[in-house]
Amino acid sequence: MFPVLILILISIWRISSGEWDISFPDVIRFLLTESNSPEAIVIKSVRLPRLLCSLCTGGILSVSGVTLQALLANPLAEPYTLGIASGAAFGAAIGIMTGAFMIMPCAFIGALCALILTGIISYHGGNGKIILAGVISNAILSSGVTFLKAVAGDKLGAVVLWLMGSFSGSGINDVWAVLAGSIIVIVPAYLMGNNLDVMSLGKNRASVLGVNENLVRFILLLTTSMGVALCVSSFGVIGFVGLVVPHISRGLSGASHRRLILHSFVTGAVLMCLADGIAQKIGELPAGTITALAGGPFFCYVLAKD
């Protein structure tokens, strides 16, 4: 209940403040009535889409982190550390260079390829080596992105701006994309929450209790990759949200994954919205910069603790 209250308060702040402040009663009035005033246009066309995109993206990345940590029984697993986000970025960069309609499918293919690459690298080392494999995948794919930037020509500006991870310029199409991504990621993870409870205890226990690990892992890795690809193709790479939020939520809501998934979605939405607000107030910085600054030290803390 408390995270929901915080979410409401931060949403009010984000939609009411900007280059010029608009009182919340006026915001409600503009949202519920037809108006062509500059304030109404700004709220409906700029602030509301940006708010919804930041909320859904934070939720998607957070639930993805919860899912990956349970599937791999590794507290450091998340889309960024496993290379999934970098793979989606590489694919989306190719999509930007080949045509706008190709960005989303290219990002999804890139995310899947990155996941496969990480799995291949870590195959002989088991889950204990998967984060190292993710670092290697990140390095390879980041080099690929750098190469694409070098040959991008007149599209270099679009690629570089997009890679920064910003919600600036979010539109209604982006809102529909992340809403779809939210459903794709949350629904299967929630329905398989009991299986995640068992799988997070370790492989041997899951098989003994009759969990079809291969099927659960295939479905959830596929949906997670798709959700991350939708976020990355729309807003670029935003790292560490999927790492930080599950640990915060686990301490507040407990280890039951059905409750943890819902709590993480709300908490991730709050933190992503807050990071975007801070980035905008500082001077329209990319939100990914704020999450990286906060998530990097947290990654070191979890690594040392583990």
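All of these numbers come straight from a predicted model, not from anything done at the bench.

**Description of the layout of surface pockets**
In this structure, the second largest pocket occupies an estimated 340 Å³ of space. Taken together, 19 residues form the lining of the second largest pocket, with Gly 18, Val 46, Arg 47, Arg 50 and Gln 280 sitting closest to its centre. Listing elements by their share of the lining of the second largest pocket, those giving two or more residues are helix 3 (38-72) and helix 13 (257-283). The element best represented in the lining of the second largest pocket is helix 3, accounting for seven residues.

**Observations concerning the environment of Val 42**
With respect to the helices, strands and loops of the structure, Val 42 is situated in helix 3. When its relative accessible area of 18% is taken as the criterion, Val 42 is described as buried.

**Some details on unusual backbone geometry**
Residue Ala 73 is not a glycine yet carries a positive backbone phi of 50 degrees. For Ala 73, the location among the structural elements is in the loop between helix 3 and helix 4 (84-98). Assessed through its relative accessible area of 43%, Ala 73 is described here as partly exposed.

**Notes on empty space enclosed by the protein**
Counted according to the given criterion, the structure contains one cavity of 30 Å³ or more. What the largest cavity holds in volume is close to 50 Å³. Forming the boundary of the largest cavity are Thr 57, Leu 61, Pro 79, Ala 85, Cys 231, Val 232, Gly 236, Val 237 and Ile 238. Within the residue set of the lining of the largest cavity, elements represented by two or more residues are helix 3 and helix 11 (213-235). Across the lining of the largest cavity, the residue classes tally to seven nonpolar, two polar and no charged.

**Describing the packing of helix 4 against helix 6 (residues 130-150)**
The relative placement of two packed helices is expressed as an angle between their axes plus a distance between the axes. Between helix 4 and helix 6, the least distance of the axes is 9 Å, while the angle of their chain directions is 15 degrees. With respect to their mutual orientation, helix 4 and helix 6 come out roughly parallel. The interaxial crossing formed by helix 4 with helix 6 has left-handed handedness. Here Ser 86, Gly 87, Ala 89, Phe 90, Ala 93, Ile 94 and Met 97 of helix 4 come into contact with helix 6, specifically with Asn 138, Leu 141, Ser 142, Gly 144, Val 145 and Leu 148.

**Observations concerning the nonpolar core**
Within the largest apolar cluster, 64 residues are counted, with the highest numbers of intra-cluster contacts made by Leu 82 and Val 232. With 10 residues, the single largest contributor to this core is helix 3.

**Concerning the environment of Ser 17**
Along the chain, the position of Ser 17 falls in the loop between helix 1 (2-16) and helix 2 (24-32). Each residue touching Ser 17, except ones within four places of it in the same chain, is listed here: Arg 47 and Lys 281. Here the side chain of Ser 17 touches Trp 13 through a polar contact of 2.7 Å, landing on its backbone oxygen.

How each quantity is defined
Residues numbered from 1 in each chain as written. Predicted model: local features only at pLDDT ≥ 70, side-chain atom pairs only at ≥ 80, totals over all residues. Heavy atoms only, no water. 1 Å grid on protein atoms, 1.4 Å probe; cavity = no way out; pocket = protein on both sides within 12 Å on 5 of 7 lines; lining within 4 Å. Points joined across faces, edges and corners; volume = space filled by probe spheres on them. Helix = DSSP H or I, 4+ residues; strand = E, 2+ residues; numbered from the N terminus. Buried < 20%, exposed > 50% of the residue type's maximum accessible area, 1.4 Å probe, protein only. Nonpolar A, V, L, I, M, F, W, Y, C, P; charged D, E, K, R; others polar. Axes fitted to C-alpha atoms, helices over the stretch in contact; angles between N-to-C directions. Parallel < 35°, antiparallel > 145°, perpendicular 65-115°, else oblique. Left-handed = near helix turned anticlockwise from the far one by under 90°. Contact = heavy atoms within 4.5 Å. Core = buried A, V, L, I, M, F, W, Y, C linked by side-chain atoms within 4.5 Å. Polar contact = N/O pair within 3.5 Å; in protein donor to acceptor, adjacent residues only side chain to side chain.

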